[in-house]
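So you can see what is in the structure, the chains are spelled out below.
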Amino acid sequence: MADIRNTFIGIKSPNPFWLASAPPTDKAYNVERAFKAGWGGVVWKTLGEEGPPVVNVNGPRYGAIWGADRRLLGLNNIELITDRDLQTNLREMKQVKMNWPDRALIASIMVPCVEESWKAILPMVEETGADGIELNFGCPHGMSERGMGSAVGQVPEYIEMVVRWCKQYTRMPVITKLTPNITDIRKPARAAHAGGTDAVSLINTINSITGVDLDNFAPQPTIDGKGSHGGYCGPAVKPIAMNMVAEIARDPETHGLPISGIGGITTWRDAAEFMALGAGNVQVCTAAMTYGFKIVQEMIAGLENWMDEKGHASLSDIIGRATPNVTDWQYLNLNYVAKAHIDQDACIKCGRCHIACEDTSHQAITSMVDGARHFEVIEAECVGCNLCVNVCPVEGCITMEPLAAGAMDQRTGKPVSPIYANWTTHPNNPMAKVAAE
């Protein structure tokens, strides 16, 4: 059987599935239940400095986006960091680590952007026996207004500065958690790398309002007639998260920097995709909040079964395997030609492919042939966009079939060239013309 034991920046865990810093990791009771269910590690809910704990709202804390079947697609969260006393959290962390020495326990920390604040809390966290720390530079609400969270994560110079403090004042490995609420994720990652971080984790939540109550005209969740922006997470953010992970993994300045992948991971396949793009392990939150801690058992079994089926012996066989295949648009092969093909035996004749193509694409699918309802690709019009594949309700009914080199492309009237060519050399590219001159 495939070996899914994980070593991430020297931190060992029986599998690559960690719970992210969030409500599910706020106390020993939750974390013990998580470890009993099979989670390989947890990032304890973010700790603040000593003194009066932060104050959370006493009403609704979540807004939601659902699919047509009411499956949760996205969750908006206005909860802040832990509102439990720091010493209580530290005592519980120490006991949990003693009870579960084979599991990873990471302390998420957020204190003011002042050297003395970080210098004060790090020894206390270190004394718990925690395996590492995660710097919360991502929270987009509540704490950011106080000069913490994403207010730090959006300023690369601050990131580098705080990372340097932490590397100076603790022996523990440092993971820097990045905010997605930024134009170019590579810049904060580079800053963390320059500061000496051992790894980065991403993404934290996306600033959002998920809905408006049209009876009282207030954002949801609503607190006494008012609402606030919050952090968006769940399956809907996965594409954004994977792109950002890949950007860091393939950036020459951060290449090789360990990454803990976060963002909408719900199944083993999600986790495998993140790891293929360069993540050394993954963190999960919304899926656990939706389905409970035992969902990790499906993730573990699914990952092991897939790896066995594909012949992958260990996680190192898959981590980063897809990264070299992520490229910029300008380097895509413009001589690659594919056409849609409809399996007539599988077609249920719903007509969605025809309507989508007819109304919004290239008028390349019939609706009637010889007076009968029939959906077939008109190859002379098909540009291979694959919109029809994505709107078809029958999986596998419509596929994209590449044309072999030398085959005639009926749309252009030209044979498919076997030679790789991209936009950088295309005659329509004004930059290419300048270079040629």
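Before going into details, it helps to say that this report is about the structure given with it. Keep in mind that this is a model prediction, so the values were computed, not measured.

1. Quick word on the overall build of the protein
- Across its full length, the protein carries 13 helices and 22 strands.
- When the backbone C-alpha atoms are referred to their principal axes, the protein occupies close to 80 × 60 × 50 Å.
- Relative to its 437 residues, the protein shows a buried fraction of 49%.
- Within the protein, contacts between residues at least 6 apart in sequence are counted, and of these 70% link residues at least 24 apart.
- Approximately 20,800 Å² of the protein is accessible, and the part contributed by carbon and sulfur atoms is 53%.
- Here the protein contributes 37 positively and 48 negatively charged side chains, and the mean placements of these two sets differ by 3 Å.

2. Here we look at the nonpolar core
- One finds F17, W39, W118, V125, I133, L135 and L202 to be the most contacted residues of the largest nonpolar core, which totals 78 residues.
- Tallying contributions element by element places helix α7 (residues 238-250) first for this core, with seven residues.
- For L135, the contacting residues outside a window of four places in its chain are I109, W118, V162, V163, C166, V174, I175, T176 and K177.
- Core analysis: the next-biggest nonpolar cluster, separate from the first, contains 14 residues, C347, C357, C388 and C397 among them.

3. Brief notes about the pairing of strand β9 (residues 174-177)
- Side chains of β9 alternate between two faces, with V174 and T176 and I175 and K177 buried alike.
- Relative to β9, strand β8 (residues 132-136) runs parallel, the two sharing four bridges. Its bridge partner lying in β9, L135 is registered against T176.
- By the bridge criterion, three bridges tie β9 to strand β10 (residues 199-202) in an arrangement that is parallel.

4. Some words on the packing of helix α2 (residues 86-99) against helix α3 (residues 115-126)
- One can describe the packing of α2 onto α3 by two numbers: an axis separation of 10 Å at closest approach and a directional angle of 30°. What the angle tells us is that α2 and α3 run roughly parallel. In this structure, α2 uses L86, Q87 and L90 to contact α3, whose residues at the interface are I121, M124 and V125.
- Partitioned by chemical class, the residues of the contact of α2 with α3 number five nonpolar, one polar and no charged.

5. A closer look at the pairing of strand β16 (residues 281-284)
- Residues N281 and Q283 point to one face of β16 and V282 and V284 to the other, with burial holding for every one of them.
- Note: strand β3 (residues 17-19) against β16, three bridges, orientation parallel. Each bridged residue has a counterpart across the sheet, and for F17 the counterpart in β16 is V282.
- Pairing analysis gives three bridges linking strand β15 (residues 259-262) to β16, with the strands arranged parallel. Across the sheet, the residue bridging to I262 is Q283, located in β16.
- Since β15 and β16 lie parallel, the crossover through helix α8 (residues 268-276) that links them has a hand, and here it is right-handed.

6. Some thoughts on the sheet that holds strand β14 (residues 230-233)
- Spatially, β5-β6-β14-β11 is the arrangement adopted by the four strands of the open sheet, whose pairing is antiparallel. Where the open sheet ends on each side, the last strands, each with one partner, are β5 (62-66) and β11 (206-208). Mean inter-strand twist for the sheet, computed between neighbouring axes without regard to direction, equals 35°.

7. A short note on the pattern of salt bridges
- Tallied over the full model, the rule gives 20 salt bridges.
- A salt bridge links D3 to R5; the nearest nitrogen and oxygen atoms lie 2.9 Å apart.
- A relative accessible area of 27% places D3 in the partly exposed class.
- Among the residues examined, R5 registers a relative accessible area of 61% and is labelled exposed.
- The salt bridge partner of K339 is D409, with a shortest N-O separation of 3.0 Å. Residue K339 is found in strand β17 (residues 338-342), and its partner D409 is found in strand β21 (residues 408-409); the two are separated by 70 residues along the sequence. Accessibility assignment for this pair places K339 and D409 in one class, buried.
- Each of K45, R61 and E79 takes part in a single network of salt bridges with overlapping partners.

What counts, and at which threshold
Residues numbered from 1 in each chain as written. Predicted model: local features only at pLDDT ≥ 70, side-chain atom pairs only at ≥ 80, totals over all residues. Heavy atoms only, no water. Helix = DSSP H or I, 4+ residues; strand = E, 2+ residues; numbered from the N terminus. Buried < 20%, exposed > 50% of the residue type's maximum accessible area, 1.4 Å probe, protein only. Contact = heavy atoms within 4.5 Å. Areas by Shrake-Rupley, 256 points an atom, 1.4 Å probe, with all protein chains shown as cover. Lys, Arg positive; Asp, Glu negative; His and termini not counted. Charge placed at Lys NZ, Arg CZ, Asp CG, Glu CD. Core = buried A, V, L, I, M, F, W, Y, C linked by side-chain atoms within 4.5 Å. Pairing = 2+ DSSP bridges. Axes fitted to C-alpha atoms, helices over the stretch in contact; angles between N-to-C directions. Parallel < 35°, antiparallel > 145°, perpendicular 65-115°, else oblique. Nonpolar A, V, L, I, M, F, W, Y, C, P; charged D, E, K, R; others polar. Right-handed = clockwise from strand over helix to strand, strands pointing away. Salt bridge = Lys/Arg side-chain N within 4 Å of Asp/Glu carboxyl O.

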